[in-house]
Amino acid sequence: MRMHPERLLIGIFVTALIGTTLTAQAPVSKMDAHVNAAKGAAGLDYRATFVNLCFPGANPGLANPPVARAGGAAPAGARGAVAGRGTGATSDRATWYASPYKVFDNFYWLGTRQHSSWALRTSEGLIVIDTNFAWATEPEIIDGLTTLGLDSRQIKYVIISHAHGDHDQGAAELQKRFGAKVVMGAPDWESTLQRPATAVGGVPTRDVVVGPAGMKLTLGDTTIDIVSTPGHTPGTLSYVFPVKDQGRTVMVAYSGGTLTGAFGTNAARWDEYIESQKRIATAAADAGATVILSNHSEYDNAYTKARLIGAKREVGENHPFVGGAAAVRRYFTVMTECATASKLRVGAK
């Protein structure tokens, strides 16, 4: 039997047309649409954020509740016995220790390999953003500042993104030793002050309280726009502030809380989180932010990027942390879309 080429082509076309029609008619759930939007926004830059927020079971917040994190047991390799902080082994620190780095002209990374702390130098002193677990305060923050040629006695403010031990356990020590004022969201102050005096790292004295309207914190020549972004905790704070890159002003957006594991089917909690991401995204866009930071290195790759600072920049190459306004916008899109998809997945009402 002789096959006519034109009939073969027509057959292929019809088959393809039917397949396309059936595909177009296949229902795509609202949840899938939000997951796909988040995936597209994440690209290769924010894969960890996408996976942890969008996929069921990937969110470690479900297996690491705030109560456990507030306890802050020291990992292997942390410093030994420290009064009021519990104990840790004195073995090799290779699993957590990271050297400090000067990232911008006036902005310094003082984190462990997993968690970030930062120091912002102003004309009238230092502002520390987040403090890691208590066992990292001395080796990463205090010793780190010395290594970078900065004076810990110049710490004027300590801003806490949210009241979980991996970010706030060093606040009391910095407050007590250097007279720094601690800044925290109002609901997180309330939960912090309920901790026993024996809590790891101690309990800071109430200083600057940030309400739902947020606030602007000015020290010398620098102003930080503190934005209330409840969700990860009731008092989570995010920030927008300027830094200098070879004398040029660069705006930074700092996301104060990421995971959504504790929301369950409470639609109000999901909606609060989603609105918070939209709020900080708007503040970042209005300020022209081109840098996105988180307090976990898996989300912003701070540990990796900080080590690239010393590499030579070729003509046309940007600073490793400067991704552009569109990249900042995409980060918050991932958070918003994943939260919306997860809300639908659990049937929150």
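Okay, so let's go over this structure. Since the model is a prediction, treat every value here as computed from it, not as a measurement.

## Describing the overall build of the chain
In terms of helices and strands, the chain carries 12 helices and 12 strands. Within the chain, the proportion of its 349 residues that are buried is 49%. Here the analysis covers contacts within the chain between residues at least 6 apart in sequence; of these, 65% occur between residues at least 24 apart. In the structure as shown, the chain presents an accessible area of about 16000 Å², 57% of it carried by carbon and sulfur atoms.

## Regarding the sheet that holds strand S8 (residues 215-219)
What the 5 strands build is an open sheet, ordered S8-S9-S10-S11-S12; its pairing is mixed. One side of each edge strand has no neighbouring strand; the edge strands of this open sheet are S8 and strand S12 (291-294). Averaged over all adjacent pairs, the angle separating strand axes in this sheet is 25°, with direction ignored. The pairing of strand S9 (residues 222-228) with strand S10 (residues 237-245) spans 4 bridges and is antiparallel. Across the sheet, the residue bridging to Ile-226 is Tyr-239, located in S10. Its contacts with the sheet put helix H9 (residues 267-287) on S9, S10 and strand S11 (248-255), and the angle it makes with S10 is roughly 20°.

## Focus on the packing of aromatic side chains
Applying the stated criterion across every chain, the model contains 15 aromatic pairs. Ring geometry for Trp-96 and Tyr-97: centres 6.1 Å apart, planes at 80°, overall edge-to-face. For Trp-96, a relative accessible area of 2% translates into the label buried. Between Phe-104 and Phe-321, the aromatic rings sit 6.5 Å apart at their centres with planes inclined by 55°, giving tilted as the arrangement. Highlighted residues: Phe-104 in strand S1 (residues 101-104) and Phe-321 in the loop between helix H11 (302-306) and helix H12 (325-346), separated in sequence by 217 residues. On the accessibility criterion, Phe-104 (4% relative accessible area) is buried. By relative accessible area, Phe-321 is classed as buried at 3%.

## Description of the nonpolar core
Phe-50, Ala-253, Ile-292, Tyr-331, Phe-332 and Cys-338 are the most contacted members of the largest nonpolar core, which totals 34 residues. Counting only elements with at least two residues in this core, the list comes to helix H2 (30-42), helix H3 (47-54), S11, H9 and H12. Here the element with the most residues in this core is H12; it accounts for 9 residues. Sequence-distant contacts of Phe-50, that is, excluding residues within four places in its chain, are made with Val-35, Ala-38, Lys-39, Ala-42, Phe-55, Val-334 and Cys-338. Counting 32 residues, the second largest nonpolar core, distinct from the first, contains Phe-107, Val-208, Leu-217 and Ala-302.

## Things to note about H2
End to end, H2 covers 18 Å across 13 residues, agreeing with the expected 18 Å (1.5 Å per residue, within 8%). Three or more residues of H2 are buried, namely Val-35, Ala-38, Ala-41 and Ala-42. Here the buried residues of H2 occupy an arc of 125° about the axis, which is enough to place them on one side. Buried residues along H2 sit against H3 and H12. Just past H2, the residue Gly-43 takes up positive phi, approximately 55°.

## Focus on the sheet that holds strand S6 (residues 181-185)
Across the sheet, 7 strands lie side by side as S1-S2-S3-S4-S5-S6-S7; this open sheet has mixed pairing. Edge positions in the sheet fall to S1 and strand S7 (208-210), since each of these pairs with one other strand and no more. On average, each strand axis in the sheet is tilted by 25° relative to the strand beside it, whichever way the strands run. Here 3 bridges tie strand S2 (residues 107-109) to strand S3 (residues 118-122), and the two strands are oriented antiparallel to one another. Within S3, the residue paired with Phe-107 across the bridge is Leu-120. Strand contacts of helix H8 (residues 186-193): S6 and S7, with the helix running at about 110° to S6, the strand carrying the most contacts.

How each quantity is defined
Residues numbered from 1 in each chain as written. Predicted model: local features only at pLDDT ≥ 70, side-chain atom pairs only at ≥ 80, totals over all residues. Heavy atoms only, no water. Helix = DSSP H or I, 4+ residues; strand = E, 2+ residues; numbered from the N terminus. Buried < 20%, exposed > 50% of the residue type's maximum accessible area, 1.4 Å probe, protein only. Contact = heavy atoms within 4.5 Å. Areas by Shrake-Rupley, 256 points an atom, 1.4 Å probe, with all protein chains shown as cover. Pairing = 2+ DSSP bridges. Axes fitted to C-alpha atoms, helices over the stretch in contact; angles between N-to-C directions. Phe/Tyr/Trp six-rings, centres within 6.5 Å; stacked < 30°, edge-to-face > 60°. Core = buried A, V, L, I, M, F, W, Y, C linked by side-chain atoms within 4.5 Å. Expected span 1.5 Å × (residues − 1). Arc of directions from axis to C-beta.

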